[in-house]
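Summary of structural features
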2 protein chains.
Amino acid sequence: MAAISLPDTIGAMTAAERLVSPCGRCDARRLSVCQGVDDRCLDQLAAAITTIRLQAHATLASEGDEASHFFNITSGAVKLFKLLPDGRQQIVGFLFPGDFVGLAVRDTYAYTVETIAPATACRFDRRQFERLLERFPNMAFRLRERASDELAIAQEQMLSLGRKSAKERVASFLLQLSRRAVRLGLPGNPVTLPMTRADIADYLGLTIETVSRTITRLKTSRIITLGPDHTVTLHRERLEEIGEGWGGDI
Amino acid sequence: MAAISLPDTIGAMTAAERLVSPCGRCDARRLSVCQGVDDRCLDQLAAAITTIRLQAHATLASEGDEASHFFNITSGAVKLFKLLPDGRQQIVGFLFPGDFVGLAVRDTYAYTVETIAPATACRFDRRQFERLLERFPNMAFRLRERASDELAIAQEQMLSLGRKSAKERVASFLLQLSRRAVRLGLPGNPVTLPMTRADIADYLGLTIETVSRTITRLKTSRIITLGPDHTVTLHRERLEEIGEGWGGDI
DNA sequence: CGCTGGGTTGATCGCACTCAACCCGCGTGG
DNA sequence: CCACGCGGGTTGAGTGCGATCAACCCAGCG
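Structure report, in brief. Not measured: the values here are computed from a predicted model. (Residues numbered from 1 in each chain as written. Chains lettered and ligands numbered in written order. Predicted model: local features only at pLDDT ≥ 70, side-chain atom pairs only at ≥ 80, totals over all residues. Heavy atoms only, no water.)

**Some words on the overall build of chain A**
Per the secondary structure count, chain A includes eight helices and 13 strands. Each of the 250 residues in chain A was classed as buried or not, and the buried ones make up 55%. As presented, chain A carries roughly 10900 Å² of accessible surface, and 51% of it is formed by carbon and sulfur atoms. (Helix = DSSP H or I, 4+ residues; strand = E, 2+ residues; numbered from the N terminus. Buried < 20%, exposed > 50% of the residue type's maximum accessible area, 1.4 Å probe, protein only. Areas by Shrake-Rupley, 256 points an atom, 1.4 Å probe, with all protein chains shown as cover.)

**So, the relation of the copies chain B and chain A**
Between the two copies, chain B and chain A, the superposition gives an RMSD of 0.0 Å; the rotation angle is 180° and the shift along the axis is 0.0 Å. Expressed as an axis order, the relation between the two copies is that of a two-fold axis. When the interface residues of chain B are mapped onto chain A, 100% of them are again interface residues, pointing to one common binding face. (Least-squares fit on C-alpha atoms with pLDDT ≥ 70 in both. Contact = heavy atoms within 4.5 Å.)

**Let's talk about the side chain of B:T112**
Residue and element names in this part refer to chain B. Its location among the elements puts T112 in strand 9 (residues 112–115). From its side chain, T112 meets the backbone nitrogen of E63 in a polar contact 3.1 Å long. If we ignore the near neighbours within four places in the chain, the residues touching T112 are T59, A61, S62, E63, K79, L80 and F81. (Polar contact = N/O pair within 3.5 Å; in protein donor to acceptor, adjacent residues only side chain to side chain.)

**Side note on the pattern of salt bridges**
A complete count under the given rule lists 23 salt bridges over all chains for this structure. Linking B:E168 and A:R88 is a salt bridge whose minimum nitrogen-to-oxygen distance equals 2.8 Å. Of this pair, B:E168 sits in helix 5 (residues 166–183) while A:R88 is found in the loop between strand 6 (78–83) and strand 7 (89–95), placing the two residues in two different chains. What makes A:R88 partly exposed here is its relative accessible area of 22%. Between B:D149 and A:R106 there is a salt bridge whose closest N-O contact spans 2.7 Å. Here B:D149 is found in helix 4 (residues 137–163), whereas its partner A:R106 is found in the loop between strand 8 (100–101) and strand 9 (112–115) on a different chain. For B:D149, a relative accessible area of 30% gives the class partly exposed. (Salt bridge = Lys/Arg side-chain N within 4 Å of Asp/Glu carboxyl O.)

**Comments concerning the pairing of strand 5 (residues 69–75) of chain A**
Residues and elements named next belong to chain A. Across the seven residues of strand 5, five count as buried, placing the element largely inside the fold. Two elements, strand 5 and strand 10 (residues 119–125), share six bridges in a ladder whose sense is antiparallel. Note that in strand 10 the partner of N72 across the bridge is C122. (Pairing = 2+ DSSP bridges.)

**Some words on the protein's contact with DNA strand D**
Around DNA strand D lies a shell of 14 residues, among which A:T210, B:R197, B:S212, B:R213 and B:T216 are the nearest. Counting only atoms of DNA strand D within 4 Å of the protein, the fraction found in sugar and phosphate groups is 58%. The backbone of A:A166 places a nitrogen or oxygen atom 2.9 Å from a phosphate oxygen of DNA strand D. Taking A:R213, its side chain carries an N or O atom lying 2.9 Å from a base oxygen of DNA strand D. Going through the elements one at a time, helix 7 (208–220) of chain A together with helix 7 (208–220) of chain B are the ones with two or more residues in the surface near DNA strand D. (Near = heavy atom within 4 Å.)

**Examining the environment of B:H69**
Residues and elements named next belong to chain B. Position of H69 relative to the elements: it lies in strand 5 (residues 69–75). Taking C-alpha positions, H69 is 4.7 Å from R126, a pair spaced 57 residues apart along the chain. Excluding residues that lie within four positions of it along the chain, H69 makes contacts with Y109, R123, F124, D125 and R126. At a separation of 3.0 Å, a polar atom in the side chain of H69 contacts the side chain of S68.

**A look at the sheet that holds strand 4 (residues 59–61) of chain B**
All names here are of chain B. Across the sheet, four strands lie side by side as 4-9-6-7; this open sheet has antiparallel pairing. In the strand order of this sheet, the two ends are held by strand 4 and strand 7 (89–95), each with one partner. The average undirected angle you get between the axes of adjacent strands in this sheet is 30°. Where strand 6 (residues 78–83) meets strand 7, six bridges bridge the pair, whose relative direction is antiparallel. (Axes fitted to C-alpha atoms, helices over the stretch in contact; angles between N-to-C directions.)

**Digging into the interface of chain B and chain A**
With 46 residues of chain B at the contact, the number on the chain A side is 46 residues. Between chain B and chain A, a total of about 4100 Å² is buried, with carbon and sulfur atoms accounting for 59% of that surface. Per-residue buried area on chain B facing chain A is highest for B:R144, B:M158 and B:R163; these three make up 19% of the total on that side. Linking chain B to chain A there are twelve salt bridges. One can count 22 residue pairs in polar contact (both at pLDDT 80 or more) joining chain B with chain A. Every element with two or more residues in the side of chain B that touches chain A is listed here: strand 7, helix 3 (126–135), helix 4 and helix 6 (197–204) of chain B. The greatest single-element share of the side of chain B that touches chain A, amounting to 21 residues, is contributed by helix 4 of chain B. Its residues assigned to classes, the side of chain B that touches chain A shows 22 nonpolar, nine polar and 15 charged. (Buried area = accessible area lost by both parts, 1.4 Å probe. Nonpolar A, V, L, I, M, F, W, Y, C, P; charged D, E, K, R; others polar.)

Structure (structure tokens):
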């Protein structure tokens, strides 16, 4: 039962798991998504995986294309977005290391996937992967949990887009980024904003001007502090009050 | 191998399947979610199911409660919504016969579930059901597909809430209802609006006044026709043009 | 150097919100 | 029988938040 090494990771890492695989290469048996999977399966998985390396603003998949592959982000960050005919854009999610692309997909991609920073990802043949899942229900179970998490995030985002003010949207977005950073084993405060104002705006259903003004107002009210390299220090109590809709004035 | 009858349905019915079980009682082996499940399992399923009957505006589950049960709607309609402290409400989904409550749930419900019309549902003990899923991966697979569909709908809704005008939101909402009706084996045109203006508003991130005005404007532009009993006839070409953001003026 | 991408700030505009009045159908009770 | 309240819906007048249009700053880079 020798340890078998997969190209990079097949994801589902917890923060703790990530700590034991600092360089992106890891022993698959340490990954929660692989628990209960035997070595022979891991061999097959390894055969189905290709590691891809991408520059910033590269496209992994396009809305409407046949969903032939399944991805797991191993470094960097990507955005998922939908477009309207006149160019209006809505980002439906940001994905970071450990996240999957294609959980919500049936036969075609419902969104375009683009890197917002240089990234690496593992690519699987979709049908090959589905066959493996049939034989290894543990992995399928973990994927269902991930899909549930995604859905919960999407619903939280619907609340923001439908009912929160610009100030509240920005506040809950910053808190969401902070929680995500903690999950990845990074400091939750200060937090880094890896995306541009335009991407934040397209995620929050606002314009870049409104995002910029709102961040400025949060800054001058000492609710956040802007640091170097796109870092933001959050003063959690007041930020949470605003983000959760308690109406703290600024 | 006698046919085994479950109390009502455990869901995942296609339109065709629904046709063979007109009264809500059905042979579980006809349901896609049960394919490959043997009779002994069906016995256990039957034991884990309770049929519940609900009036309009009854609560099945509340945001924040421990997620002890899993539901499948067998008749009527329910809404899932989230609340902000000051009473603002966002409906994150409407569910109709065949739909599941609790796909997106981990340990607590992320939303409140309330009927918008008299309804019946099947209730499962969550842990018991999860144990069955471990043994019957086919069912787990179908559930993952359902969760994927839900996520795709949620993402489409994010596009509406974040980037569409009131007119576009109402148009795509009507088309969504029409598609859902077809899936349930009902006519897709005219379509029935089972929910109030307030519920539509809380789903679309608008106010009741805006919903009312927008519907009126669609009506006077002959893009929809209002019939009796909350029915609406859709003039699809123009409605799709608007709902998909091509900017047809009204 | 100038150009470009990312970001901030100001002035003005307009869509959807707010507040208000009113209609209708229905059930209830005097 | 009418009076009344109530929930659901429509319509009008006025307001405000965030969009739009525009100017400008700054850093990086060819």
